[in-house]
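Each chain, letter by letter, is given below.
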Amino acid sequence: MNHPMNTAADVLELAPVVPVVALDDVAHAVPLAEALLRGGIRTIEVTLRTPAGLPSIERIAAEAPDMVTGAGTITEPGQAKRAADAGARYLVTPGTTDRLLDDIDASGVPYLAGAGTVSEAMRLAERGATAMKFFPAEQSGGVPFLKAIAGPLPDLRFCPTGGISPQNAPSYLALPNVGCVGGSWLTPKNLLAAGDWAQIEQLAREAAALR
Ligand code: 3PG
């Protein structure tokens, strides 16, 4: 656990690509984390949208401590504390409500809250956030949207997620208001099911070289 993880801004510095994964099998968690680490990706966002999510975070935190594990798809009060207790070092939400943000703030864990519009980004900024997730990125205006808001919102930096691919990631990463991107392409279900850790390591290596 060598990486300071004090603020949401720190999350943006971990890797050019944050792999987003919905795990179906807890047994995949540690070999996946180790494959990503070998490929040069030192963070993973394990979503809580499957029952295996929370126990997978616990496993990775215990058995692959060099991996900085975040918990994703935080949508309900209570999840932040459970994720933190499992070992999540940061939290990610697809969108935000005041009730959810109050609950996450109380957990004390850094978070990337989701914003898809200028007003959502401004509301998060009002609460002190300078780093946030832009979701769903491609569907919400993509690179042109981020370029357009850099002028009026110069203090905000984003992790665009949703519809990002190896093909379009470089144009996002070239933007000054983008710190990293999130994507599921490093962890395809077929490779996870097959336990093809070598191929996942290779995808991670290519992603790590994007910045
Ligand atoms: C998700 O919702 O799973 C993440 O935003 C990743 O989206 P993607 O599958 O479009 O990369």
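See above for the structure.
To start, this report covers the structure provided alongside it. Predicted model only: the values in this text are computed from it and were never measured.

Time to look at the overall build of the protein. Scanning the protein for helices and strands turns up 10 helices and 9 strands. Over its C-alpha trace the protein gives a radius of gyration of 16 Å, about what one expects of a compact globule, namely 17 Å for 211 residues. Its C-alpha atoms put the protein at 45 × 35 × 30 Å along the principal axes. Looking at the protein as a whole, 53% of its 211 residues are labelled buried.

Quick look at the sheet that holds strand 3 (residues 68-72) now. One open sheet accounts for 6 strands, arranged 5-4-3-2-1-9; its pairing is parallel. With partners counted over all chains shown, the strands left at the sheet margins are strand 5 (111-112) and strand 9 (181-183), one partner each. As paired strands, strand 3 and strand 4 (residues 90-92) are joined by 2 bridges and run parallel to one another. The partner of Gly70 across the bridge, within strand 4, is Tyr90.

Counted residue by residue, strand 3 has 5 buried out of 5 residues, so it is predominantly covered. Neither face of strand 3 is open: one carries Val68, Gly70 and Gly72, the other Thr69 and Ala71, and all of them are buried. Bridge analysis of strand 2 (residues 43-47) against strand 3 gives 5 bridges, and the strand direction is parallel. Paired with Thr47 across the bridge in strand 3 is Gly72.

With respect to spatial proximity, the complete set of residues near the ligand consists of Val20, Arg49, Phe135, Thr161, Gly162, Gly163, Gly183 and Ser184. Measuring from an oxygen atom of the ligand, one finds a backbone N or O atom of Gly163 at 2.7 Å. Separating an oxygen atom of the ligand from a side-chain N or O atom of Ser184 is a distance of 2.5 Å. Bound to the protein, the ligand loses 75% of the 310 Å² it would expose on its own. If you map the ligand onto the pockets, it falls in the largest pocket. Here the shell around the ligand is built from residues that sort into 2 nonpolar, 5 polar and 1 charged.

Moving on, we come to the packing of aromatic side chains. According to the stated counting rule, one finds 2 aromatic pairs in the structure shown. Note on Phe134 and Phe145: the rings are 4.7 Å apart at their centroids and 10° apart in plane angle, and the pair reads as stacked. With Phe134 in strand 7 (residues 131-134) and Phe145 in helix 7 (residues 142-150), the pair connects residues that are 11 residues apart, well separated along the chain. On the basis of an interplanar angle of 75° and a centroid distance of 6.4 Å, the ring pair of Phe134 and Phe158 is categorised as edge-to-face. Taken together, the residues span a long stretch of sequence, with Phe134 in strand 7 and Phe158 in strand 8 (residues 157-160) at a distance of 24 residues. Under the relative-accessibility criterion, Phe158 is labelled buried at 1%. Members of the aromatic cluster, connected to one another through ring pairs, are Phe134, Phe145 and Phe158.

For the rest of this paragraph, the subject is helix 10 (residues 197-208). Between the first and last C-alpha of helix 10 there are 16 Å, a value that for 12 residues agrees with the 16 Å anticipated at 1.5 Å per step. Residues Trp197, Ile200, Glu201, Leu203, Ala204 and Ala207 constitute the buried set of helix 10. The buried side chains of helix 10 occupy one side of the element, clustering within an arc of 160° when seen end-on.

Another point: the nonpolar core. Counting residues in hydrophobic clusters, the biggest one holds 61 residues, and the most contacted among them are Leu32, Leu36, Leu91, Leu146, Val181 and Leu186. Apart from the residues lying within four places of it in its own chain, the contact partners of Leu146 are Phe134, Phe158, Pro160, Tyr172, Leu175, Asn177 and Val178. If you look at the next biggest cluster of nonpolar residues, it comprises 13 residues, including Met5, Tyr90, Cys159 and Cys180.

With that settled, the discussion passes to the environment of Gly95. Counting through the fold element by element, Gly95 comes out in the loop between strand 4 and helix 5 (98-107). For Gly95 and Pro31, which are 64 residues apart along the polypeptide, the C-alpha to C-alpha distance reads 30 Å. What Gly95 contacts, discounting residues up to four positions off in sequence, is Leu100 and Gly114.

Reading the values: the criteria
Along each chain, numbering runs from 1 in the same order as the chain's sequence is written. Under the rules for a predicted model, residues below a pLDDT of 70 receive no local features and side-chain atom pairs below 80 are neither given nor counted, while totals for whole chains, interfaces and linings still include all residues. Water and hydrogen atoms were dropped before computing side-chain values, which therefore reflect all heavy atoms in the structure. Only DSSP runs of H or I covering at least 4 residues are called helices, and only runs of E covering at least 2 are called strands; the numbering of each starts at the N terminus. For the radius of gyration, the atom set is restricted to C-alpha positions; the globular benchmark scales as 2.2 Å times the number of residues to the power 0.38. The buried label goes to any residue with under 20% of its type's maximum accessible area, the exposed label to any with over 50%, and the partly exposed label to all in between, with areas taken from a 1.4 Å probe on protein chains only. At least two DSSP bridges between two strands are required for those strands to pair. For this purpose, a residue is taken to be near a molecule or strand whenever a single non-hydrogen atom of the residue falls within 4 Å of it. Here a polar contact is taken to be a pair of N or O atoms separated by no more than 3.5 Å, where protein atoms must pair a possible hydrogen donor with a possible acceptor and residues adjacent in sequence count only if both atoms sit in side chains. Every accessible area reported is derived by Shrake-Rupley at a probe size of 1.4 Å, with residue values counting cover from the shown protein chains alone. Cavity and pocket criteria rest on a 1 Å grid covering protein atoms alone: a 1.4 Å probe that fits but cannot get out defines a cavity, protein on both sides within 12 Å along at least 5 of 7 lines defines an open pocket, and an atom within 4 Å of a point defines a lining residue. Being in a pocket or cavity means that more than half of the molecule's atoms lie within 2 Å of its grid points. The residue classification treats Ala, Val, Leu, Ile, Met, Phe, Trp, Tyr, Cys and Pro as nonpolar and Asp, Glu, Lys and Arg as charged. All others, Gly included, are polar. The rule is short: rings of Phe, Tyr and Trp, with Trp giving its six-membered ring, pair when the centres are within 6.5 Å, and they are stacked under 30 degrees, edge-to-face over 60, tilted in between. The span one expects for a helix is its residue count, reduced by one, times 1.5 Å. Working definition: the arc comes from the directions between the helix axis and the C-beta atoms, pointing outward to the latter. We call a set of buried residues a nonpolar core when its members are Ala, Val, Leu, Ile, Met, Phe, Trp, Tyr or Cys and they connect through side-chain atoms within 4.5 Å of each other. The contact criterion used is simple: two residues touch if any of their non-hydrogen atoms lie within 4.5 Å.

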